[in-house]
Amino acid sequence: MGAVASETPPLPVALAEVKAFLRISVSDEDALLAGLVRAAADLCEAFTGRALIERAVEEMVAASTARIRLNAGPVRSIDGVAAIDEAGEATALAAGNYAAEIDAGGEGWVRLLAAADTQRLRVAYRVGMAADWNGVPEMLRHGVVRLAAQYYLRRGETGEVEVPAAVTALWRPWRRLRLK
């Protein structure tokens, strides 16, 4: 179980910003650079435990009357909960059948208000730190730019490209670790 994005977010930094950092003025490699920015953004999100740009996600969770913490964050809204039957068919639950909340840290929580026959729930919600790339905190954006540039400069090398310490230093204040 886990959160699955139902839409691809836009780039968290403008391609022009990456090109300026690398001093590239032609558009021959825009597609390559966009892919490198996406890879750097994915690593940033994995490191920080936070989605950068707002997007819709769905998550399958075990049905329970106990509070269930949603995996993705920061949660901006919880749009609906559906019960999943044994055949995999979803039935939307009325708002009065479940409780949904978002705490001050952006964590989303859901729970059934009464025991139900279902074993699983599908929770639809929106996550993200910002609505667009301009709202992403500058330290995170700069880290993505620097890492994408590192990927670009080392694109012909074999083996793994290590994340520079300067990049993790920019991202570390935004990191959210969870205790299970």
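The sections below set out a description of the structure shown in this document. (Residues numbered from 1 in each chain as written. Predicted model: local features only at pLDDT ≥ 70, side-chain atom pairs only at ≥ 80, totals over all residues. Heavy atoms only, no water.)

### Things to note about the environment of Ala-99
Then, in step 1: Looking at the secondary structure, you find Ala-99 in strand 6 (residues 98-102).
Then, in step 2: The exposure class of Ala-99 is partly exposed, given its relative accessible area of 24%.
Then, in step 3: Here Ala-99 is in contact with Trp-109, Val-110, Arg-111 and Leu-113, once residues within four sequence places are set aside. (Helix = DSSP H or I, 4+ residues; strand = E, 2+ residues; numbered from the N terminus. Buried < 20%, exposed > 50% of the residue type's maximum accessible area, 1.4 Å probe, protein only. Contact = heavy atoms within 4.5 Å.)

### A word on the pattern of salt bridges
Then, in step 1: Inspection of every chain in the model, using the stated rule, returns 9 salt bridges.
Then, in step 2: Measuring nitrogen to oxygen at the nearest pair gives 3.0 Å for the salt bridge that ties Glu-54 to Arg-76. You can see Glu-54 sitting in the loop between helix 2 (30-48) and strand 2 (55-62) and its partner Arg-76 sitting in strand 4 (residues 75-84), a full 22 residues away along the chain.
Then, in step 3: Taking relative accessible area as the criterion, Glu-54 reaches 21% and is therefore assigned partly exposed.
Then, in step 4: Overall, the relative accessible area of 39% leaves Arg-76 in the partly exposed class. (Salt bridge = Lys/Arg side-chain N within 4 Å of Asp/Glu carboxyl O.)

### Some words on the side chain of Thr-48
Then, in step 1: Looking at the secondary structure, you find Thr-48 in helix 2.
Then, in step 2: On the accessibility criterion, Thr-48 (1% relative accessible area) is buried.
Then, in step 3: At 3.3 Å, the side chain of Thr-48 forms a polar contact with the backbone nitrogen of Arg-50.
Then, in step 4: When near neighbours in sequence (up to four residues on either side) are disregarded, Thr-48 contacts Leu-140, Trp-171, Trp-174, Arg-175 and Arg-176. (Polar contact = N/O pair within 3.5 Å; in protein donor to acceptor, adjacent residues only side chain to side chain.)

### Section: helix 1 (residues 15-22)
Then, in step 1: All buried positions along helix 1 are accounted for by Val-18, Lys-19 and Leu-22. The arc that holds the buried residues of helix 1, viewed along the axis, is 100°, so those residues lie on one side. Turned more than 90 degrees off the buried face of helix 1, the exposed positions are Ala-16 and Ala-20.
Then, in step 2: Note on helix 1: the residue one or two positions beyond its end, Arg-23, has a positive phi of about 60°. (Arc of directions from axis to C-beta.)

### Things to note about the pairing of strand 6
Then, in step 1: Pairing geometry for strand 6 and strand 7 (residues 108-112), over 5 bridges, is antiparallel. Each bridged residue has a counterpart across the sheet, and for Glu-101 the counterpart in strand 7 is Trp-109.
Then, in step 2: Taken together, strand 6 and the strand that follows it, strand 7, pair antiparallel across an intervening segment of 5 residues, in which Gly-106 is found at a positive phi of about 85°. (Pairing = 2+ DSSP bridges.)

### Focus on unusual backbone geometry
Then, in step 1: The residue after Gly-73, namely Pro-74, is reached through a cis peptide bond having omega -5°.
Then, in step 2: Assignment of secondary structure puts Pro-74 in the loop between strand 3 (68-69) and strand 4.
Then, in step 3: Despite not being glycine, Arg-23 has its phi angle at roughly 60°, a positive value.
Then, in step 4: Looking at where Arg-23 falls in the secondary structure, it is placed in the loop between helix 1 and helix 2.

Such coordinate-based values are descriptive only and should not be taken to indicate function.
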